[in-house]
Amino acid sequence: MEFECILVETKEKVGLITLNRPKALNALNDQVMNELGVALKAFDQNDAIQCIVITGSQKAFAAGADIAAMANYTFMDAYKGDYITRNWETIRQIRKPVIAAVAGYALGGGCELAMMCDFIIAADNAKFGQPEVKLGTLPGAGGTQRLPRAISKAKAMDMCLTARMMDAEEAERAGLVSRIVPVDMLLEEALSAANTIASMSLPIIMMIKESVNRAYETTLSEGVHFERRLFHSSFGTEDQKEGMKAFLEKRTPEFKNQ
Ligand code: HXC
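Along each chain, the written sequence defines residue order, and numbers are assigned to residues from 1. Only residues with pLDDT of 70 or above have their local features reported here, since the model is predicted, and side-chain atom pairs are shown and tallied only from 80 upward, although totals for entire chains, interfaces and linings are computed over all residues. Side-chain numbers here rest on the full set of heavy atoms in the structure, without hydrogens or water.

In the nomenclature of an unreviewed UniProt entry, the protein corresponds to Enoyl-CoA hydratase from the organism Undibacterium aquatile. UniProt positions are given in the numbering used here, feature names are shortened, and annotations may be inferred rather than shown by experiment. Taken from UniProt, the Sequence similarities (unreviewed entry) comment for the protein reads in full: "Belongs to the enoyl-CoA hydratase/isomerase family."

Caption draft 1: Spotlight on the site of the ligand. The environment of the ligand is made up of 24 residues, and the closest members are Lys-59, Ala-63, Ala-65, Ile-67 and Gly-109. A 3.5 Å cut-off defines polar contacts: any pair of N or O atoms within that distance qualifies, except that in protein one atom must be a possible hydrogen donor and the other a possible acceptor, and neighbouring residues in sequence count only when both atoms are side-chain atoms. Measuring from an oxygen atom of the ligand, one finds a backbone N or O atom of Lys-23 at 3.3 Å. The contact in question runs from an oxygen atom of the ligand to an N or O atom on the backbone of Gly-109, over 2.8 Å. To be clear on the numbers: accessible area is Shrake-Rupley with a 1.4 Å probe, and residue cover counts the displayed protein chains and nothing else. Notes on the ligand: free accessible area 1,000 Å², of which the protein chains cover 63%. For this classification, the nonpolar set comprises Ala, Val, Leu, Ile, Met, Phe, Trp, Tyr, Cys and Pro, the charged set comprises Asp, Glu, Lys and Arg, and every other residue, Gly included, is treated as polar. Classifying every residue of the shell around the ligand gives 14 nonpolar, five polar and five charged. One heavy atom suffices: a residue is near a molecule or strand as soon as one of its heavy atoms comes within 4 Å of it.

Caption draft 2: Structural view of the sheet that holds strand β6 (residues 105–107). The four strands are arranged β4-β6-β8-β9 in an open sheet whose pairing can be described as mixed. This sheet does not close on itself; its edge strands, each paired only once, are β4 (60–62) and β9 (166–167). A pair of strands is labelled paired if DSSP reports no fewer than 2 bridges between them. Comment: elements are numbered from the N terminus, with helices defined as DSSP H or I runs of at least four residues and strands as E runs of at least two. Pairing between β4 and β6: two bridges, direction parallel. Bridge assignment links Ala-60 to a residue of β6, and that residue is Tyr-105. We call two residues in contact when some of their heavy atoms are within 4.5 Å. The convention used is that axes are lines fitted to C-alpha atoms, helices contributing only their stretch in contact, and that angles between N-to-C directions extend from 0 to 180 degrees. Its contacts with the sheet put helix α4 (residues 109–116) on β4, β6 and β8 (127–129), and the angle it makes with β6 is roughly 95°.

Caption draft 3: Here's a closer look at the state of the cysteines. Only a pair of cysteine sulfur atoms within 2.5 Å qualifies as a disulfide here. Per the counting criterion, the structure on display carries zero disulfides. The thiol of Cys-5 is unpaired, and the distance to the nearest cysteine sulfur, on Cys-117, comes to 18 Å. Between Cys-51, a free cysteine, and Cys-117, which holds the nearest cysteine sulfur, the sulfur-to-sulfur gap is 10 Å.

Caption draft 4: Spotlight on the packing of aromatic side chains. Note on ring pairs: Phe, Tyr and Trp rings are taken, using the six-membered ring of Trp, and paired if centres are within 6.5 Å. Classes follow the plane angle, with under 30 degrees stacked, over 60 edge-to-face and the rest tilted. This model, assessed by the stated rule, comprises three aromatic pairs. Summarising the aromatic geometry, the rings of Phe-75 and Tyr-79 are spaced 5.3 Å apart at their centres and angled 5° between planes, so their arrangement reads as stacked. Of this pair, Phe-75 and Tyr-79 both sit in helix α3 (residues 75–79), four residues apart, which is roughly one turn of the helix. The same class applies to Phe-75 and to Tyr-79, which are both exposed. Relative accessibility under 20% of the residue-type maximum defines a buried residue, over 50% an exposed one, and the middle range a partly exposed one, all with a 1.4 Å probe and only protein chains included.

Caption draft 5: How the structure looks around helix α11 (residues 238–248). Among the residues of α11, those classed as buried are Asp-239, Gln-240, Glu-242 and Ala-246. When α11 is viewed along its axis, its buried side chains cluster within an angular range of 165° and face the same direction. In the core, the buried residues of α11 are packed alongside α9 (202–214) and α10 (220–234). Note on α11: the residue one or two positions beyond its end, Lys-250, has a positive phi of about 55°. The arc in question is traced by the directions running from the helix axis to the C-beta atoms.

Caption draft 6: Inspection of the nonpolar core at higher detail. Core analysis: the largest hydrophobic core is formed by 46 residues, its most contacted members being Leu-19, Phe-61 and Phe-128. When residues of this core are assigned to their parent elements, the largest contribution, six residues, is made by helix α1 (residues 30–45). Leu-19 has contacts with Cys-5, Ile-6, Asn-26, Leu-28, Val-32, Leu-36, Ile-54, Thr-55, Gly-56, Phe-61, Ala-62 and Leu-113, leaving out every residue within four places of it along the chain. Take the buried Ala, Val, Leu, Ile, Met, Phe, Trp, Tyr and Cys residues and link them wherever side-chain atoms come within 4.5 Å; each set so joined is a nonpolar core. The next biggest cluster of nonpolar side chains, apart from the first, holds 17 residues, and it includes Val-14, Leu-16, Ala-101 and Ala-193.

See below:
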């Protein structure tokens, strides 16, 4: 498929997707979200790819859903046609890790997209916000749900009700992002993290992603039970044998993703 709104590259075992609608600060319209979904699925199915990075420009990761595209929607367009959110959840089907490398604005749907990724690496100029309240609407792709889980109810309420933006420092303090780097180093840092992940055993990486995500969906007892089952399963892999053998032999493991 030819992409018009995103750039898709591979960097060794890492799939890199760059949102590319600079004139609209990467506003997320139907076409962007369709293309993103197609690219994500293709990387997920590609055995040569082990980790995915989504990024934007230095000015904007994404300034939100496309306001011009949705301004005249009726309730029936939004509800029955599900025009605004119908292709936003593809990312949740992706089993390989997805890192958001965020510089500049991550607002509204842009902040929500970043939070749908497995973790966020922020440039020092990153700004996160849920300004939908100023448009007479509310977050529609998980902002009111993922923010309280990520940064506490108090900060989530503050952001969603007042529309104030959170800078990178505050976002790291609050737990929304895992690391902050100078904006010029963002891609390098994200690719380095992705390469580290890509050097591990892919099935184990997938199990870890599944297990951490389960923490958001279940009780502690059930989550620990789920983790225990996956932990036991890891002993059925060749990579566990190789990983532990390599440690004992004081050498780097050679994982075969088996
Ligand atoms: C459509 C957008 C846009 C958006 C920016 N643009 N954000 N177009 N949808 N979300 C366009 C502008 O219209 C403008 O186009 C160009 O990008 C540059 O933007 P400026 O405003 O001129 O830039 P600047 O002054 O630097 O301000 C940057 C900004 C501001 C603070 C990010 O653009 C802004 O507040 N954007 C809207 C942010 C927002 O409300 N997001 C939430 C959207 S609702 P022209 O043609 O004039 O040059 C949402 C719901 C999610 O996300 C629901 C989930 C599905």
